[in-house]
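# A structural walkthrough
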Amino acid sequence: PESLFDEHRRAWADIWEKGGIELATDDLALQQTTNATLYYLMMSTRSDWLHSTLVPSTIAASAPYPHGYYGTTFWDQDTFMVPPLMVFYPSIASNLLQNRLYQLPAYKVNAAAFGLKGAYVPWEVGGTGGFARDNRINHIEIHVTADVALLIKQYHQLTQNTSALRELYPLLEAVSDFVVSRI
């Protein structure tokens, strides 16, 4: 048991060695909140579990009932969570984008269900890429599809990985088709 704990501590030390956010402030509570937020993001995903449709290949939203999202992937992942992680851990961003690509067939089914082309990425995604819930907000929050495209752009800008961009092209194309089909 002690060696397992030592291994755990070394693994987290390696993670923190790669990057963190140090604020120029004397406000200890603010620094602790920042560290806790980054820790939550780091413990919610990994870079080495590729193509999984379950956590940790997505950052699942969580909160106490009734405010939680029951382990589903919420749109915040692509817009607010991945960009800061990507700066320190591009491999995690790559994994999350691979998961979006893996779910592309389901996103196409989502679009077709509404008589649209391309990929419709739900506001709240279940493990298979489909709508996690059938509620009004889920069907009007269509910005998520464009948020995924923006994350791909940000990932490419940071990494300059053109092979990843080529691999993600089907997702970008499907997002474009979705947007055009709504006009």
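An account of the accompanying structure is given in this report. Since we're looking at a predicted model, the values are computed, not measured.

### Concerning the overall build of the chain
For the chain, the count of helices and strands is eight helices and two strands. Across the 183 residues that make up the chain, the buried fraction comes to 39%. Of the contacts formed within the chain by residues at least 6 apart in sequence, a portion of 52% connects residues at least 24 apart. Of the roughly 10,400 Å² that the chain leaves accessible, carbon and sulfur atoms contribute 59%.

### Quick notes on unusual backbone geometry
For Q160, which is not glycine, the phi dihedral falls at a positive 60 degrees. Following the sequence through the fold, Q160 ends up in the loop between α7 (143-159) and α8 (162-181). With a relative accessible area of 53%, Q160 lands in the exposed category.

### Some details on the layout of surface pockets
Counted as a void, the largest pocket has a volume near 350 Å³. Broken down by secondary-structure element, the contributors of at least two residues to the lining of the largest pocket are α1 (2-18), α2 (28-43) and α4 (90-102). Considered class by class, the residues forming the lining of the largest pocket number eight nonpolar, three polar and four charged.

### Section: the environment of L30
Turning to its location among the elements, L30 is positioned in helix α2. The exposure class of L30 is partly exposed, given its relative accessible area of 41%. When neighbours within four sequence positions are excluded, L30 is seen to be in contact with L23 and T25.

### A closer look at the pattern of salt bridges
In total, this model carries two salt bridges according to the counting rule given. Here R9 ties to D6 by a salt bridge, and the two come within 3.4 Å at their closest N and O atoms. Separated by three residues within a single helix, R9 and D6 lie in helix α1, roughly one turn from each other. Linking R100 and D78 is a salt bridge whose minimum nitrogen-to-oxygen distance equals 2.4 Å. You can see R100 sitting in helix α4 and its partner D78 sitting in helix α3 (residues 76-88), a full 22 residues away along the chain. Residue R100 is classed as buried on the basis of its relative accessible area, which comes to 3%. Overall, D78 belongs to the buried group, its relative accessible area being 2%.

### Things to note about the packing of α4 against helix α5 (residues 104-113)
It is the contact of α4 with α5, at a shortest axis distance of 5 Å, that shows an interaxial angle of 50 degrees. As far as their axial angle goes, α5 and α4 are oblique. Residue-level inspection shows R100, L101 and Y102 of α4 in contact with α5, the latter providing L104, P105 and Y107. Tallied by class, residues from the contact of α4 with α5 come to five nonpolar, no polar and one charged.

### Focus: α3
Between its first and last C-alpha, α3 extends 18 Å over 13 residues, near the 18 Å set by a 1.5 Å rise per residue. At V82, α3 shows its maximal bend, which comes to roughly 50 degrees, and the proline P83 appears one to four places after that position. Where α3 is concerned, the buried positions are D76, Q77, D78, M81, V82, P83, L85 and M86. Buried residues belonging to α3 abut α2, β1 (73-74), α4 and α7.

### Thoughts on the packing of aromatic side chains
The final tally for this structure, using the stated rule, is five aromatic pairs. Within the aromatic cluster, the residues linked to one another by ring pairs are W12, W16 and Y39.

### Some remarks on the nonpolar core
Counting residues in each nonpolar core, the largest one holds 31 residues, and the members touching the most others are M42, L85 and L171. Listing elements by their share of this core, those giving two or more residues are α2, α3, α4, α5, α7 and α8.

Each value, and the rule that gives it
- Residues numbered from 1 in each chain as written.
- Predicted model: local features only at pLDDT ≥ 70, side-chain atom pairs only at ≥ 80, totals over all residues.
- Heavy atoms only, no water.
- Helix = DSSP H or I, 4+ residues; strand = E, 2+ residues; numbered from the N terminus.
- Buried < 20%, exposed > 50% of the residue type's maximum accessible area, 1.4 Å probe, protein only.
- Contact = heavy atoms within 4.5 Å.
- Areas by Shrake-Rupley, 256 points an atom, 1.4 Å probe, with all protein chains shown as cover.
- 1 Å grid on protein atoms, 1.4 Å probe; cavity = no way out; pocket = protein on both sides within 12 Å on 5 of 7 lines; lining within 4 Å.
- Points joined across faces, edges and corners; volume = space filled by probe spheres on them.
- Nonpolar A, V, L, I, M, F, W, Y, C, P; charged D, E, K, R; others polar.
- Salt bridge = Lys/Arg side-chain N within 4 Å of Asp/Glu carboxyl O.
- Axes fitted to C-alpha atoms, helices over the stretch in contact; angles between N-to-C directions.
- Parallel < 35°, antiparallel > 145°, perpendicular 65-115°, else oblique.
- Expected span 1.5 Å × (residues − 1).
- Bend = angle between axes of the 7 residues up to and from the residue.
- Phe/Tyr/Trp six-rings, centres within 6.5 Å; stacked < 30°, edge-to-face > 60°.
- Core = buried A, V, L, I, M, F, W, Y, C linked by side-chain atoms within 4.5 Å.

Scope: geometric values only; no functional claims are made or implied.
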